[in-house]
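# Examination of the molecular architecture
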Amino acid sequence: MIEAVLFMASTGMILSTVIALANRFLAVETDPRIEAVEEMLPGANCGGCGYSGCPAFAKAIIEESVEPGLCPVSSGDEAQRIASYTGMEPVFSEPYVALVKCCGDNTRSPERALYNGVNDCNAAINVAGATKSCQHGCLGLGSCSRACPFNAIEIDEELRIAIVHPNLCVGCGKCIESCPRDMITMVPKSAPIHILCNSPEKAPIQRKLCTRGCIGCQRCARQAPESIKMVNFLATIDYDNPPHDLSLVDTCPVDRIHTSLGIDYIPAPKKKKGAIKSLECHKVLGVAPQASEAEINKAFADKIVHYDISLIIKMDEEEQKQAIMESEKISQAYKDCLAFDPSAHTVKEGQ
Amino acid sequence: MSKEDKNIPDHKEILLPDASKLIVSSSPHLHDSGQVAKIMREVALAMLPLVVAAIWVFGLPAVRVLLLCTAFCLSFELISLKLLGKSLKPATDFSAVITGMLLAMNLDANAPWWICLIGSFIAIVVAKQLFGGLGYNPFNPALVARVGLLIGFPDIMTVWSPTTAAQKVSTIDAQSLATPLEIASQSTAAGKELLWDNYFDLFTGNISGCLGETSALAILVGGGYLILRRIIWWQIPFFYILTVAIITGLVNNFVPMATPDALFHILTGGLMIGAFFMATDMQTTPVTRKGGAIFAIGCGVITSVIRIWGAYPEGVSFAILFMNAFTPLIDKMTRVKPFGFWQGESK
Amino acid sequence: MADHLLFPGGVHPKDGKSISFSMPIQSAPLLEEYTIPLSQHIGTPAQPIVKRGQRVLKGQKIAEATDNISAHIHAPTSGEITSVSKHPITGEMLAMTNCIGPAGHMVSSLVITSDGEDKEGFTLMPIEEWQSIDKKILLERIKEAGIVGMGGAAFPTHVKLNPPQGKRPDTLIINGAECEPFLTADHRLMLEEPEKIIEGILMMKYILGAKTVYIGIERNKPDAIKTMKKHLREGIEVRELRVLYPQGSEKQLIYALTKRKVRMGTLPMEVNCIVQNIGTAFAVFEAIVMGKPLFERITTITGEPVVRPGNWRLRIGTSIGDALKMAGGVKDPEKVGKILIGGPMMGLAQFSLDTPIMKSGSGVTLLNKDEIVQYTSVPCIRCGRCVDVCPMNLMPSTMSIQAMKERFDLLEEWHVMDCLECGCCSYVCPSQRPLVQLFRLGKSHVLKKRQRELEKLKAKG
């Protein structure tokens, strides 16, 4: 019994001495600040800063005074924290997100034959480009989606196209290398207008390849010459000076130009010839453009009852102002709907 | 020069294929029509002689165990695929049926239905589906189930039913219900040399034990069929049985009381079924023939050691499971040298 | 004849040669239009030297080789250059257009609209007494004639027959194996033009200065073996080869005939061997003795769905649709599953009937829907059959799992760059995994990585 106790005690003492000595003589000197900065970084290890991971970036910040703002994932506040900790001035760069420059899904750029093989864009590109009609278009097999560490790229299985969710994308850039057709670019998050086409073919060929491809008509480039340049027969936005005029969207005959980053790229269905276009007043009242007078009256009555004077008196001042504005809007819409002339707003061919 | 040549008939219409219906894939475009389901069906066919032998030796209870195990295995496969959210298509590759049959071969003829149920659960859900399904399991599912049952329910798994031949004899004593290997270990414990007289019975299978431990003849027929059809490699059963024969033969030669002779060892226990049907399971054994031979020799050594000096009378299941764990290492060690490999090659 | 050494592995796919091997070579009728791609060979594409609307004669050079590893292209018939496109930046009118190439990508090409007269315009003088001419002149002639390897790889022959200083190949091997199933073009050529082939071989032997010449022919062509043996000349030997795919692959052929193993990552030149296809020997003969440049080749149009399969002398630029029309079309368009350029083991699947057949197109094979393989994503069951059959002794099962996990660094270690892409592994895989496609993916990643490393080194200085 006593031998066991003595043995355990002596073993413990020897081992602890060894550890203490090792800690003294074999310790690796690390700057404690590196660990502190590493704690402040998001820890995604995406490589968007250009370093191999968050620990390497933390080391670079401390040792080489690299800008903390290089990290695309951390928000402005986080970069500010790091900067104030290290005593550096943070440079705020505009957040960038990825954009897949193609909206040619398989309803618009159909597959020419049946593809059977590995479901990966890089693998399919060697097998007849997965038989997609447009040689510059998105294959939709998911290489970029799998490369994204933040699950920001969605592949619509039926439509076979990649869509970047800009609210999830942090701009690390991993998707760019994974695309075999080099159609993913980084665009500023604030730019509202994008041209979702990557094909430099001219109109007669382009029309056969994809019903929504850029045909090079140059209408958008003529309207905004300092923001849109023509490269071959493809209109390209210069993101150093992006356009902000939303009316550019209407200049495109093939609906190529879009706002936002492709989430709502699925367009409203094309109105058939003879359909009546609705106006703002119809939306406010919630009626169809070809509604009858009785329907418009009913809709108006339903809506205005909420803004009856007896109710408004009971509200406080702020709410009263709001309610009066709303009721005026509804009254105006009612007048416009009654005055609406359907023949003036009928869809003609080709719209 | 006329563009119409005499080669092209002008009276019959020339049909061309519709280009949009063509299939595009990488080369090669032919296949030798081997498929997983086909392989499994061949294995099932090869097990038929053994099934027939088991029914002949044990009667109808054997059929009951077989059907129960197969049914439970298939059901668990379908249920687990459904719960895991995968498509049910992998269940059509017949591998659950094979696992069910092999599991039944490891059980006694009068095994209770709930033993079949628990065994199927361990085999399909724990040892196969939880690892990812066919192709991902590292251990042989039927053997994992057998070992699991052996450890969990040792009294039930070590009591054997009488054979139909033994039932005709009026007195059934504990001795007649023991497997030959158990008899051998008893005599070793008693310090006596075992002298077995009826090798023919061992060969045809008229002995006590689990369903698959019976007829070496049936297993040879089935295993030989599989080797001829190139479903399994001959290296594995050959080296396995050879190693056991050599080790047990040597020990028996010098210390006869320690263990019976080599032929006894080959014909008894799960060695035959293990060598031909369990140790040749593709997912859990090495990918090269050389690796397979090393695997088989390892199994042989461990089986012999357990049988001669271990506490359990039968060592095949443990041996195969143990070597299954070594399969990735064996694969790494037996990497084939490519054609034209030379020492200067840096990688 | 003694059985020769076999290489490791190999498979026996369905032969399919009985469909067309008895059909003699037919001349193709003149077509209205020929689409000629500018890149029909390994190396840089040729540059066109004609203008839009220019009239050309048959055999006239229409595109020139850009550097050493490149080949000239000649017009297959007389007519007018009708391809046109506008240069995207300068706006200049070019004589080129785009067409879908056999690999599925768009390639630049020239289009000749035939004028129906098929007038010859050979500019090369026939050289009858080639034995007394300097080798350099003969090599120059081969280059002028635009000859490339006719076995399918299309490597420029004038480069292959001109080894760099210090290398003295002593063995010339002529590949008459035609191991690819369904194809019988080389077989018929050997039966019908043995003397010209032998003379072409002698020319190549003279140019190389080789001591021994072997013609390797697989045993499934006994009549070809007999015919070639009958016309043998001094210094050439015919060797029978056992029927095994891929016997016609360079490294395996060299091993079977000479016991020499080509080291991994090196060329056959390292073991003093040069391999040429039998069709190339024929083309060399025609170029030197008849002054005829390369603008047509023997192609097998075959497959169960084809009405009249056979072997045709097709001019380059014939579209697949036109070739099928020559063969009488298909019996039942609903049943056709695949159209391949080449054979079924290494051929490229097509999805357009306008794709032209080039210098490397040795066959057009059609397969029915029930004959083709449907690739799946079932996991590898580690059965080891692929390891058994790989002719390069690689381990496709492990490599495919690495490729699916995108571990391309491991793939490089496991020698994916030495994969022949022959298809033996996919052929036997019971899970029907697309192994060759995965290895092609791996190879492209490894090449990209090497390219990046090269650029990094260049940038450093």
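Now for a description of the structure that goes with this document. (Residues numbered from 1 in each chain as written. Chains lettered and ligands numbered in written order. Predicted model: local features only at pLDDT ≥ 70, side-chain atom pairs only at ≥ 80, totals over all residues. Heavy atoms only, no water.)

### Quick word on the interface of chain A and chain C
The interface is formed by 17 residues belonging to chain A together with 18 residues belonging to chain C. With both chains or domains summed, chain A and chain C bury close to 1600 Å², and 54% of this area falls on carbon and sulfur atoms. Three residues, A:Asn116, A:Val118 and A:Gln135, lead the burial of chain A against chain C; their summed loss comes to 29% of the area buried on that side. Viewed at the interface, chain C and chain A are joined by 0 salt bridges. For the pair chain A and chain C, the interface holds 5 residue pairs in polar contact (both at pLDDT 80 or more). Per-element tally for the side of chain A that touches chain C: the top contributor is helix 5 (residues 121–124) of chain A, with 3 residues. Grouping the constituent residues of the side of chain A that touches chain C by class yields 8 nonpolar, 7 polar and 2 charged. (Contact = heavy atoms within 4.5 Å. Buried area = accessible area lost by both parts, 1.4 Å probe. Salt bridge = Lys/Arg side-chain N within 4 Å of Asp/Glu carboxyl O. Polar contact = N/O pair within 3.5 Å; in protein donor to acceptor, adjacent residues only side chain to side chain. Helix = DSSP H or I, 4+ residues; strand = E, 2+ residues; numbered from the N terminus. Nonpolar A, V, L, I, M, F, W, Y, C, P; charged D, E, K, R; others polar.)

### Examining the interface of chain C and chain B
Facing the 77 residues of chain C at the interface are 51 residues of chain B. Between chain C and chain B, a total of about 6000 Å² is buried, with carbon and sulfur atoms accounting for 62% of that surface. When residues of chain C are sorted by the area they lose upon contact with chain B, C:Met264, C:Ile381 and C:Arg382 head the list and together hold 12% of the total. Of the charged contacts in the structure, one is a salt bridge between B:Asp331 and C:Arg382, with a shortest N-O distance of 3.1 Å. Seen at the junction of chain C and chain B, the total is 20 residue pairs in polar contact (both at pLDDT 80 or more). Per element, the largest residue contribution to the side of chain C that touches chain B is 5 residues, and it comes from strand 18 (residues 336–341) of chain C. Split by residue class, the side of chain C that touches chain B holds 41 nonpolar, 20 polar and 16 charged.

### Some words on helix 10 (residues 396–404) of chain C
By the burial criterion, the buried members of helix 10 of chain C are C:Pro396, C:Ser397, C:Met399, C:Ser400, C:Gln402 and C:Ala403. Taken together, the buried residues of helix 10 of chain C touch helix 9 (385–389), helix 11 (408–413), helix 12 (424–428) and helix 13 (435–460) of chain C. (Buried < 20%, exposed > 50% of the residue type's maximum accessible area, 1.4 Å probe, protein only.)

### Points about a nonpolar patch on the surface
Residues and elements named next belong to chain B. Nonpolar side chains collect at one region of the surface, where Trp-234, Phe-238, Leu-242, Ile-246, Leu-250, Phe-254 and Val-255 lie side by side and expose about 710 Å² of accessible area between them. Relative to the assigned elements, Leu-250 resides in helix 12 (residues 235–254). Classification of Leu-250 as partly exposed rests on a relative accessible area of 47%. (Patch = residues over 30% accessible without salt bridge, like charges linked within 9 Å, V, L, I, M, F, W, Y side chains within 5 Å. Areas by Shrake-Rupley, 256 points an atom, 1.4 Å probe, with all protein chains shown as cover.)

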